[in-house]
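A structural walkthrough
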Amino acid sequence: MSVFASADEAELREGALGRLRRLVELESPSSDEARLRAVAGWLAAELTAAGGEVDTVDVEGIGEHVIARFRGSEPSLEPLVVLGHIDTVHPVGTFDPVFRLDGGLARGPGVFDMKGGLACVLAALARFRDEGSAPRRPTVLVATCDEETGSETSRSLIEDAARGAHAVLVPEPPLPGGAAKTRRKGVGWYRLEVTGRAAHAGVDPENGVNALVELAHQVLAVTALADPALGTTISVGEAAGGTASNVVPASAWASVDVRFATGTEAERVDRAIRGLGPRLEGASLSVSGGQNRPPVERTEANVALYRAARGLAAEAGWELGEGSTGGGSDGSFTAGMGVPTLDGIGPAGSGPHSVDEHVLVEDLPRRVRLYGRLLETL
Ligand SMILES: [Zn+2]
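All of these numbers come straight from a predicted model, not from anything done at the bench.

Some remarks on the domain arrangement of the protein chain
Taken domain by domain, the protein chain holds domain 1 (9–184 + 295–377) and domain 2 (186–293). On the domain 2 side, the residues contacting the 8 residues of domain 1 number 9 residues.

Dropping the structure here:
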């Protein structure tokens, strides 16, 4: 019997909203170790209270990841994984007050990306406990503290949890209007370093090799690898070089962001970037970096999972749409492993990574119900 299908709307909303306020007020920007530990501690206590077996993973100098395991009512089934992150991009003090209800909106740092999703998951797990019920499958919640900076210390943790899982649910922000993300572009990050030769710009410029001129060639060459029709976009995001205007620059560098919709395109661009050579005699070029997150492709398994969620939303009287995004998430890792992944099912809102960040309060109870029903039925 479902403990969510006929649950009281106001009760579900209050359960999510109270937890959201607490999560947001514990501001937790990436790399703020003390604050990330504080929010991880609060989350671990909530998950323990909801009946989870909780481990924290200490990352010296960064923060703390949280993993909670819930025994399912059918404990021999393959587990479900719920994936989230507790870090935000907002420096402490960006919002004043930190958390605010504004008409039908809840505002605050990370409220949309993705403390809203975490609060709804917590509310759903607490409801199982309160009603003496449990998710059908063993359920593992992984909440990491370094998603916004590339998940370097959490990727293996995420992949270990997802290995052999039945499916992965990612309550990251949805598309405008609340649609799930059934396709995500993959992300590649590269750094180009050019070495030239310094010389006096007036006395003996002919003895110099201008690293910035070389870099300019490389910026154009990299940019030309884009193929927007196939979904491949490339942006050189930063560049710098030289020491003074009267010195032929001996060094320069640029960082490059690559987005791709398919693994084939990722490989094509990767090969091309690594194959770049210097154009100026006497210059050298080195390329570092590579793929940061694989793309989420619209595979049959991912679509089947989306359809199951859409069906549960329809039972509750609303439509869960789907679409694609250029942004990556930790769901990209699990989808890249071939584990069915449903991403972007957090509460509707807008303004991720901006001071306008908000979620729609009326969407919170719908999401709590959706997560509860997914955990009951998948
Ligand atoms: Zn996020």
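The rest of the description comes next.
So, the sheet that holds strand 17 (residues 349–350)
Strand order in the open sheet formed by 4 strands is 4-5-18-17, and the pairing between neighbours is antiparallel. Of all strands in the sheet, those with a lone pairing partner are strand 4 (100–102) and strand 17, marking the two edges. Examined bridge by bridge, strand 4 and strand 5 (residues 105–107) share 3 bridges and lie antiparallel to one another. By the bridge assignment, Arg 100 is partnered in strand 5 with Arg 107.

Describing the packing of helix 7 (residues 300–315) against helix 9 (residues 363–377)
The interhelical angle for the contact between helix 7 and helix 9, taken along N-to-C directions, is 125 degrees, at an axis separation of 10 Å. As summarised for this structure, helix 7 and helix 9 are arranged oblique, according to the angle between their axes. Here the hand of the crossing between helix 7 and helix 9 comes out right-handed. Contacts between helix 7 and helix 9 involve Ala 309, Leu 312 and Ala 313 from the first element and Leu 370, Arg 373, Leu 374 and Thr 377 from the second. Split by residue class, the contact of helix 7 with helix 9 holds 5 nonpolar, 1 polar and 1 charged.

Some words on helix 2 (residues 33–49)
For helix 2, which comprises 17 residues, the first-to-last C-alpha distance of 24 Å matches the rise-based estimate of 24 Å (1.5 Å per residue) to within 8%. Residues Arg 35, Leu 36, Val 39, Ala 40, Leu 43, Glu 46 and Leu 47 constitute the buried set of helix 2. All buried residues of helix 2 lie within an arc of 135 degrees about the axis, which places them on one face of the element. Opposite the packed face of helix 2, turned more than 90 degrees from it, sit the exposed residues Ala 34, Ala 45 and Thr 48. Considering only its buried residues, helix 2 is in contact with helix 1 (9–25), strand 1 (53–59), strand 2 (63–70), helix 3 (111–130) and strand 6 (139–144). Looking one or two places after helix 2, you find Gly 51, whose phi comes out positive at around 95 degrees.

Section: helix 7
Taking 1.5 Å as the rise per residue, helix 7 with 16 residues should run 22 Å; its terminal C-alpha atoms sit 23 Å apart, in good agreement. Those residues of helix 7 lying buried are Asn 302, Leu 305, Tyr 306, Ala 309, Leu 312 and Ala 313. For helix 7, the arc enclosing every buried residue in end-on projection is 120 degrees, short of the 170-degree limit, so these residues lie on one face. Summarising the geometry of helix 7, the exposed residues directed more than 90 degrees from the buried face are Glu 300, Ala 304, Gly 311 and Ala 314. For helix 7, the elements touching its buried residues are strand 7 (167–170), strand 8 (180–184), strand 15 (322–325), helix 8 (331–336), strand 16 (341–343) and helix 9. Among the residues trailing helix 7, Gly 317 stands out with phi positive, at a value near 90 degrees.

Each value, and the rule that gives it
Along every chain, residues carry numbers that run from 1 in the direction the sequence is written. Predicted model: local features are reported for residues with pLDDT of at least 70 only, side-chain atom pairs are reported and counted for 80 or more only, and whole-chain, interface and lining totals are derived from all residues. The domain boundaries here were taken from an automatic or database domain assignment. By the criterion used throughout, residues are in contact when their C-beta atoms, derived from the backbone, lie within 7 Å. Only strands joined by at least two bridges in the DSSP assignment are considered to pair. Elements are defined by DSSP. Helices are runs of H or I of four residues or more, strands are runs of E of two residues or more, and each kind is numbered from the N terminus. To obtain each axis, a line is fitted to C-alpha atoms, and for helices this fit is confined to the stretch in contact; angles are then taken between N-to-C directions over 0 to 180 degrees. Roughly parallel here means an angle under 35 degrees, roughly antiparallel means over 145, roughly perpendicular means 65 to 115, and every remaining angle is called oblique. By convention the crossing between two helices is left-handed if the near helix lies anticlockwise of the far one by an angle smaller than a right angle, and right-handed if it lies clockwise. Classes in brief: Ala, Val, Leu, Ile, Met, Phe, Trp, Tyr, Cys and Pro nonpolar; Asp, Glu, Lys and Arg charged; the others, Gly included, polar. How far a helix is expected to stretch is found by multiplying one less than its residue total by 1.5 Å. Working definition of burial: number of other C-beta atoms within 10 Å of the residue's own, with buried at 20 or more, exposed at 12 or fewer, and partly exposed in between, all C-beta atoms being placed from the backbone. Directions pointing from the helix axis toward each C-beta atom define the arc.

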